[in-house]
Amino acid sequence: MSSSSAAAFGSADSTAARRNTKRPKYSKFTQQELPACKPILTPRAVISVFLLVSVVFVPVGVASLLASRKVVEIIHRYDAECIPQSNSSDKVAYIQNPSADKTCNITLNVHKHMKSPIHVYYQLDNFYQNHRRYVKSRNDEQLRDSEKWDSTSGCKPEDMANGKPIVPCGLIAWSLFNDTYIFSRNNKNLTVNKKGISWKSDRDHKFGKDVFPKNFQNGSIIGGARLNDSIPVSIYVNNNYQCMYEIYGSPLFFYEQLSQQEDLIVWMRTAALPTFRKLYGKIEVDLNEGDTISVILKNNYNTYSFSGKKKLVLSTTGWLGGKNDFLGIAYLTVGGLCFFLAMAFTIIYFVKPRQLGDPSYLSWNRNPGGH
Amino acid sequence: MSRGIPEPKLTAMDAMIDKLTGAIFVFQIVVVMVLGIAGNVWKDTEAKKQWYVLYPDKGPWYELLIIPLRFELLCSIMIPISIKVSLDLVKGLYAKFIDWDHRMVDLETSTPSNATNTAISEDLGQVEYILTDKTGTLTENKMIFRRCCISGIFYGNENGDALKDVELLHAVSSGSPDVVQFLTIMAICNTVIPTQSKTGDILYKAQSQDEDALVQAAAHLHMVFFNKSGNILEVKFNSSVLQYEVLETLEFTSDRKRMSLVLRDCQNGKILLLSKGADEAILPYARTGQQTRNFVEAVEQYAHLGLRTLCLAWRELREDEYREWSLMFREANSTLVDREVNGILVNDILYSNSYELNFSVYYLSQWRVAEVCQRIEHNLEVLGVTAIEDRLQDGVPETIETLRKAGINFWMLTGDKQNTAIQIALSCNFISPEPKGQLLSIDGKTEDEVRRSLERVLLTMRITTSEPKDVAFVIDGWALDFALNHYRKAFTELAILSRTAICCRVTPSQKAQLVQILKSCDYRTLAIGDGGNDVRMIQQADIGVGISGREGLQAARAADYSIGKFRFLKRLILVHGRYSYNRTAFLSQYSFYKSLLICFIQIFFSFISGVSGTSLFNSVSLMAYNVFYTSVPVLVSVLDKDLSEETVIQHPQILFYCQAGRLLNPSTFAGWFGRSLFHAVVVFLISIHAYAYDKSEMEEVSMVALSGCIWLQAFVVAMETNSFTILQHLAIWGNLAGFYAINWIFSALPASGMYTIMFRLCRQPSYWISIFLMTAAGMSPILAIKYFRYTYRPSKINTLQQAERLGGPILSLGTIEPQPRPLIEKDVSTLSITQPKNRNPVYEPLLSDSPNATRRSSGTPFDFFQSQSRSSLPNYSRNCKDN
């Protein structure tokens, strides 16, 4: 006598018939039988991979290192020396004093021939352009589109001055770097080309040709530089550029359109690191070994309140960019490490050979007494 | 008949993933708090000096919260939301693979396997206990009358089919009175209802398959039971129609183990008592003077063949004897009125399964009836013994052996009687015969006896647990009832100690209770059954598997998986379950890895951005990182196979890695955590050093770091993939190409923040040099560690991979070769089955049709893991999860 009830006796056949059509279709995918390549980590494969990596990486590392070494770089820190002795006790007060003379003369010695173009950078240390409050404090629409001149969202606290919107608004623009450098060699002026230092895409699409600064650096606290006003009006009139005049206080200022404000454009490409260099201009003549470059600089920018360094950098450029040994050293390290691993594995392989897939390693194949 | 909505099942993996998510959440909170405090300190000390940030002197009251909240936003990507979507997708695919599997289609009925529950495939790979029904699950539930012994003459012994035995046919045609009487009992001593179909064929509606088999067999032998109207039974023998009037039905109960009919022969008015039942319920009541030795022998012989035996007997009642008895019987039955009322209620709960109900709930009231029945069922003229075969399904012994090698413990829960259950258990490798196996029985008529028996078995079990011996226990529903209600603790301990158990005569609710006990010990349970009486057990278990078989689809509908045959369970667990587990283990940990990777970079960046909570990556990149760049390659890991299906089936022990959760646990997770930390360090340091000074432009550094992450994750996926199909290559390398395509598109839009960035970067040699550096620096230590482990500390999976792919000698060594099993002769095998009625459970491979249905008799323990954990753990904490 069975335990089970057999209620639905007849239904089995009908279900079977009904399900017959449901029989799954056969394909290699549905059966999980797609042809597959199943690599395993054989000693030969692994050692060759490591050898290959080291063979590729060491030469690339050497090349990178050479490229970096070929770059000639002159770095001069001037933030300390450009404070007059009398003011060294209170640097911040000096730098914030608008009437104090900020002019400072420094000399640079060219220790090696520098081929043009020579990039002139200013380098700031301990300056957090990537601070969240700072990096977001801009309005791209306003920069691009003259119609949107009053859209200042995201620019707080530098969005309005005297009740009017600021163009360009925001902390980044407000804190524009304003040290200036005039280079001369053997009392002859060295021209620094300040055109083309920003990205072309920024000039063409990010900063409008018909957007003009408005109400800029007009608030209660002056941050950084005013926008460029040093270019004679005539040039722009000749070039059929529109000019804008604005009277505030005296004398008369006329501002250039934003797409030509290359210092601003460079500055507004915010740096990801607290130490960064920004292109100031290019010297388009070679500098010879032994040349002495004298620089007259205006030490305007306040880095003293947060003890940030200011450096002036002259650098040539190679295929990897500026002087940076990191990639070369890292490549040599990784290449060397891989070579070491390849050697180590080879030695282990010969000293202690181990058969792959040896069934004796499967414990269930072992003698029952063995464990 | 579905009993409410079963609660949704959660796999062990899901639980583990939830646990890990919780841990990551705590980690996230800690990070947020530390960075939030650091950020506020930095703000109050440093940021005040950074005039260009222009912090107001006096901020709003909530100012202290701003920076922690910024970090909370920044770190919210630490917990991958995409994991839920990815898991749902791949789980759906796992289920589809089960549905599609051609090797799991029952060719007889063309029933494909079906995964109703798409969410729990991983659990299949972690099963530790399988609770199986017997009839219809292990067996085909196709009862066939095979042999009989009438008045000491054996029929059907030569050809194994009594219906074709010439001697029997001859005896029938010659009208031998014993044979005719035997056939009459076969035909009418039952509760079968015959119905006539339109075509004139007679169909039988039988409560039990055995009765059906007997009636069919009788009909075959020209004793056709063709009509039942009211109490009148009509039987056609040869050409004459015989009528009988049923006077009383003495129902079958598990205790009585027999059923009888009292009926009046309408031909001559005689009152007859016809009985059929288990040998121990019939033979002792034989007429004094009748030799029953023949029948005892017959029963033993048949039982050894695994046949279900029934003894048939009858006697003539005197009119007055019947009158007197029938009064008592009616009175006794009337006390059962309560029973009936209860019966309907409980019936509803327990599913209709006649004697199982009778047994557990109405035992006491039944006892009274049984006593009355007893008064008339004696002095019987035993006619003979029938032997019915319930064939094992194809491949059941191999399936059970393979799964037991995989470390899965089997419990058989059956409503059937003990002897039959033991026979079936023996024939399908469920338990081993002496001397390897030992069967301990828990029984007893009273509570006290049960308790003593339970304690004795427990003691034996504790002693033998260190021996490589297959100890199993047998318990029947009556004892189980006591054990579950009064000695639950002892029984639980027993349940943990015993790898095998046979529970006979259990009710559906007891089945569910047993599942509950194992679940409470934190075992993953799989219940498999085919009938309505298994539904509760199936719903209760972690995984319910229904056999869509002869007993209807009730179980299959309630189950999470339905398969056509028991043997598909092997493939369901070892192939689908294992792959699902492995794939999910990789996918979930990888999801955490990639989220942590990007989040660590953000955290590192915050240290160089004045702890202000600046995001290095723009929001588009962050979104695309989770949605496209990292989720596509990992989705194809659903096609990954660490070992081929054949290897897994040959080495089922490998399932241990899944059962013990070796591939997803806090320590493997720590590995992935470490990997993401290491990769974040590599990507971050290289990005900020290679893109320093004049190149340190925010958008560029951000894209360099993001590219580094994408490259690393592509190589991580590639390294963790064991088998590359074309789809994997497409997804991994195509995704990498897709990353550049998407970013070029964004770089072409002037309105987007990263306008021209990607074009600029791709033109710079330093970009590519940095990317290759990150890839090499990130991957070479991982490759080195992996290679070292793979070669010098290989896991079993690695060893098998190596063997499989190098074609080593292992494939021939490890296969389950059918070894000829020496026949144990009957007289040699003195068996110590501690059960009152000693019946030698000698194995005879007659029942199974498959050629591989042999078993090893050599003394090798089933597997290493089990025996190791047994011997190393003195207590019953045989929990692989410790390893």
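These figures come from a predicted structure and were not determined experimentally.

**Structural notes on the interface of chain B and chain A**
Okay, step 1: Listed as interface residues are 129 residues of chain B and, on the opposing side, 104 residues of chain A.
Okay, step 2: Buried surface at the junction of chain B and chain A, both sides included, amounts to about 10,300 Å², of which 65% is carbon and sulfur.
Okay, step 3: Summed over the shared surface of chain B and chain A, the result is 3 salt bridges.
Okay, step 4: Lys38 of chain A is paired through a salt bridge with Glu804 of chain B; the nearest N and O atoms lie 3.6 Å apart.
Okay, step 5: Counting across the chain B and chain A interface gives 26 residue pairs in polar contact (both at pLDDT 80 or more).
Okay, step 6: The element contributing the most residues to the side of chain B that touches chain A is helix H31 (residues 765-792) of chain B, with 18 residues.
Okay, step 7: Looking at side-chain class alone, the side of chain B that touches chain A contains 64 nonpolar, 40 polar and 25 charged residues.

**Quick look at the UniProt feature "domain: P-type ATPase C-terminal" (unreviewed entry) in chain B**
Okay, step 1: Listed under "domain: P-type ATPase C-terminal" (unreviewed entry) in the UniProt record, and renumbered for this structure, are residues 556-795 of chain B.
Okay, step 2: Within residues 556-795 of chain B, the helical portion is 73% and the strand portion 1%, while the C-alpha atoms at the span's ends are 37 Å from each other.

**A look at the packing of aromatic side chains**
Okay, step 1: On inspection of all chains with the given rule, the structure shows 60 aromatic pairs over all chains.
Okay, step 2: Between Tyr128 of chain A and Trp42 of chain B, the aromatic rings sit 4.9 Å apart at their centres with planes inclined by 80°, giving edge-to-face as the arrangement. Taken as a pair, Tyr128 of chain A in the loop between strand S3 (118-124) and helix H4 (132-135) and Trp42 of chain B in helix H1 (residues 12-47) lie in two separate chains rather than in one. The burial state of Tyr128 of chain A is the same as that of Trp42 of chain B; both residues are buried.
Okay, step 3: Just above the ring of Trp672 of chain B sits the side chain of Arg675 of chain B; from NZ or CZ to the centre is 4.4 Å.

**Quick look at the sheet that holds strand S2 (residues 103-109) of chain A**
All names here are of chain A.
Okay, step 1: In spatial order, the strands read S2-S12-S6-S7; together these 4 strands make up an open sheet with antiparallel pairing. Edge positions in the sheet fall to S2 and strand S7 (188-190), since each has one partner strand and no second. If you compare each strand with its neighbour and ignore which way they point, the axes differ by 30° on average.
Okay, step 2: With 7 bridges connecting them, S2 and strand S12 (residues 292-298) associate as antiparallel partners. Its bridge partner lying in S12, Leu108 is registered against Ile293.

**Some words on the domain arrangement of chain A**
Residues and elements named next belong to chain A.
Okay, step 1: For chain A, the assigned domains are domain 1 (41-71 + 321-352) and domain 2 (72-316).
Okay, step 2: When each unit is reduced to the centre of its C-alpha atoms, the spacing between domain 1 and domain 2 is 42 Å.
Okay, step 3: Counting residues at the interface gives 4 residues for domain 1, matched by 5 residues for domain 2.
Okay, step 4: Surface buried jointly by domain 1 and domain 2 totals about 330 Å² across both partners, of which 44% is contributed by carbon and sulfur atoms.
Okay, step 5: Applying the counting criterion to the domain 1 and domain 2 interface returns 0 salt bridges.

**Remarks on the state of the cysteines**
Residue and element names in this part refer to chain A.
Okay, step 1: A full pass over the atoms with the stated rule returns 2 disulfides over all chains.
Okay, step 2: Residue pairing for Cys82: its cysteine sulfur links by disulfide to Cys104, the two sulfurs lying 1.9 Å apart. Disulfide Cys82-Cys104: the torsion about the S-S bond is -70°, which places it as left-handed. Of this pair, Cys82 sits in the loop between strand S1 (73-77) and helix H3 (91-96) while Cys104 sits in strand S2; the two residues are 22 residues apart in sequence, bridging distant segments of the chain.
Okay, step 3: Relative accessible area serves as the criterion here: at 3%, Cys82 is assigned to the buried category.
Okay, step 4: The exposure class assigned to Cys104 is buried, which follows from its relative accessible area of 8%.
Okay, step 5: A disulfide bridge connects Cys155 with Cys169, and the sulfur atoms are separated by 1.9 Å. Of this pair, Cys155 sits in the loop between helix H5 (140-144) and strand S4 (160-161) while Cys169 sits in the loop between strand S5 (164-165) and helix H6 (171-174); the two residues are 14 residues apart in sequence, bridging distant segments of the chain.
Okay, step 6: Look at Cys155 and you get buried, because its relative accessible area is 0%.

Criteria and thresholds
Residues numbered from 1 in each chain as written. Chains lettered and ligands numbered in written order. Predicted model: local features only at pLDDT ≥ 70, side-chain atom pairs only at ≥ 80, totals over all residues. Heavy atoms only, no water. Contact = heavy atoms within 4.5 Å. Buried area = accessible area lost by both parts, 1.4 Å probe. Salt bridge = Lys/Arg side-chain N within 4 Å of Asp/Glu carboxyl O. Polar contact = N/O pair within 3.5 Å; in protein donor to acceptor, adjacent residues only side chain to side chain. Helix = DSSP H or I, 4+ residues; strand = E, 2+ residues; numbered from the N terminus. Nonpolar A, V, L, I, M, F, W, Y, C, P; charged D, E, K, R; others polar. UniProt positions renumbered as here; feature names shortened; annotations may be inferred. Phe/Tyr/Trp six-rings, centres within 6.5 Å; stacked < 30°, edge-to-face > 60°. Buried < 20%, exposed > 50% of the residue type's maximum accessible area, 1.4 Å probe, protein only. Lys NZ or Arg CZ within 6 Å of the ring centre and 35° of its normal. Pairing = 2+ DSSP bridges. Axes fitted to C-alpha atoms, helices over the stretch in contact; angles between N-to-C directions. Domains from an automatic or database assignment. Disulfide = S-S within 2.5 Å.

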